[in-house]
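A look at the structure
Spelled out, the chains give:
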Amino acid sequence: MKKPTLASLAAELKVSRQTISNVINFPDRVRVETRARVQAAIDRSGYRPSAAARALRNQRAMALGIRLSPPRNGISGLFMDGFLRELVTAADDRGYRVVVFPADSREEEVERLVELRASLAIDAGIITDTWTGDDRPALLADEGVAFVSFGRPWGAEDHGAWVDVDGRAGAAEAAIFLRGRGHERIGFIGWSDGSPVGADRRAGWQEALGLSDDDAAALAVEGPDSVDAGGSAMAELLSRGATAAVCASDALALGAFIANQGVTRADVVGYDDTPVARALGLPSLRQPVRELAVLVIERLLAQLAGADETEGGVLVKPVLETRGH
């Protein structure tokens with residue numbers, strides 16, 4: 001069978017070659033009906049754009065750079081592994097490769113991205129694990145390296161080129177779920193490392209329950225992101241009169257559940273919806289990893305195409321998986 005081409009697909013569908021190109025690279029530019037028809041033909045024919053031809057035509061590497069995520073807790077670290085997998089898939093669907101490189105620090109990460117861009121090995125970069133006062137966006141902008149951040153610019157100027165999960169809304173939903181199950185004193189188990197992500201989740205829990213700062217302090221225990229820490233924190237919360245807890249991670253939720261008699265699966269809610277949480281039937285907040293990866297890639301490619309980024313960042317709400325409780 002003759003290999004399908006952009007020209008043959010355009011002739012078959014009676015649309016322009018540009019329309020097919022837009023469906024592949026910038027689907028939002030094409031009407032829903034046309035996009036569905038073209039995508040169905042692409043899927044049916046097995047057509048794949050030539051990365052070499054596109055790179056030559058556009059003077060681009062057709063590649064995006066991202067730092068290999070630093071090692072994490074064995075349970076909570078699964079999310080970033082899944083995100084990278086979906087990111088590679090989303091980029092590949094649009095004819096791009098993902099170049100993954102190691103870096104021992106944020107400073108080295110910026111240096112590597114600048115170096116890769118200068119050598120035409122990549123067209124743009126993706127940064128993750130944003131932190132309070134993170135200067136990577138400003139440094140990359142100064143060097144003229146296009147980027148999108150998976151994570152908000154906590155405490156820094158809002159550059160607009162970011163996608164993030166609304167942890168505050170997710171933790172609030174978890175707290176309301178536990179209240180709906182009859183719990184009146186609901187604690188929070190979080191991280192003690194100063195993480196802005198953890199602080200955001202704690203804020204959602206506090207706001208949903210209408211707690212004062214003093215009441216919140218009495219019902220929150222923070223420590224390392226580990227199963228042991230979760231168990232110790234739940235024991236402390238039980239001694240303070242709490243009967244349930246919203247946890248900043250599944251590792252903490254697992255510890256809260258297994259280490260304390262009388263605490264059932266429905267008394268704790270974790271975060272990340274890991275295989276461990278699913279296997280044990282623990283309620284957990286699932287980050288829609290595929291949607292997040294696609295949004296990052298689409299916004300990055302739109303930026304490379306010269307699209308205006310005035311719309312700002314995108315917050316995606318996590319999904320509470322209650323396991324039927």
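The following refers to the structure shown. As the structure is a prediction and not an experimental result, all values here were calculated from the model.

**Some points on the overall build of the chain**
- A tally of regular secondary structure across the chain gives 14 helices and 12 strands.
- Across its three principal axes, the chain shows a C-alpha extent of roughly 70 × 40 × 30 Å.
- Every one of the 325 residues in the chain was classed for burial, and the buried ones make up 51%.
- Looking at the chain alone, contacts between residues at least 24 apart form 64% of all its contacts between residues at least 6 apart.
- Total accessible area computed for the chain in this model is approximately 15,200 Å², and 51% of it derives from carbon and sulfur atoms.
- Looking at the chain, you have 37 positive and 46 negative side-chain charges, and the mean spots of the two groups are 10 Å apart.

**Digging into the packing of aromatic side chains**
- A complete count under the given rule lists 4 aromatic pairs for this structure.
- When the centroid spacing of 6.4 Å and the interplanar angle of 20 degrees are considered together, the rings of Phe79 and Phe83 count as stacked. Of this pair, Phe79 and Phe83 both sit in helix H5 (residues 78–93), separated by 4 residues, roughly a single helical turn.
- The class for Phe79 is buried, based on a relative accessible area of 12%.
- Judged by relative accessible area, which is 0%, Phe83 ranks as buried.

**Thoughts on the sheet that holds strand E4 (residues 147–150)**
- One open sheet accounts for 6 strands, arranged E2-E1-E3-E4-E5-E11; its pairing is parallel. Where the open sheet ends on each side, the last strands, each with one partner, are strand E2 (97–101) and strand E11 (314–316). For this sheet, the mean inter-axis angle between neighbouring strands, taken without regard to orientation, is 20 degrees.
- Running over the sheet, H5 touches strand E1 (63–67), E2, strand E3 (124–127) and E4 and is turned about 145 degrees from E2.
- Most of the contacts of helix H6 (residues 106–118) go to E3, to which it runs at about 160 degrees, and overall it touches E1, E2 and E3.

**Section: empty space enclosed by the protein**
- Counted by the stated rule, this structure contains 1 cavity of 30 Å³ or more.
- Of the voids in this model, the largest cavity is the one considered here, and its volume is about 40 Å³.
- Around the largest cavity, the lining residues are Arg67, Leu68, Ser69, Pro70, Glu109, Thr128, Asp129 and Arg136.
- Classifying every residue of the lining of the largest cavity by side-chain character gives 2 nonpolar, 2 polar and 4 charged.

Conventions we followed
- Residues numbered from 1 in each chain as written.
- Predicted model: local features only at pLDDT ≥ 70, side-chain atom pairs only at ≥ 80, totals over all residues.
- Heavy atoms only, no water.
- Helix = DSSP H or I, 4+ residues; strand = E, 2+ residues; numbered from the N terminus.
- Buried < 20%, exposed > 50% of the residue type's maximum accessible area, 1.4 Å probe, protein only.
- Contact = heavy atoms within 4.5 Å.
- Areas by Shrake-Rupley, 256 points an atom, 1.4 Å probe, with all protein chains shown as cover.
- Lys, Arg positive; Asp, Glu negative; His and termini not counted.
- Charge placed at Lys NZ, Arg CZ, Asp CG, Glu CD.
- Phe/Tyr/Trp six-rings, centres within 6.5 Å; stacked < 30°, edge-to-face > 60°.
- Pairing = 2+ DSSP bridges.
- Axes fitted to C-alpha atoms, helices over the stretch in contact; angles between N-to-C directions.
- 1 Å grid on protein atoms, 1.4 Å probe; cavity = no way out; pocket = protein on both sides within 12 Å on 5 of 7 lines; lining within 4 Å.
- Points joined across faces, edges and corners; volume = space filled by probe spheres on them.
- Nonpolar A, V, L, I, M, F, W, Y, C, P; charged D, E, K, R; others polar.

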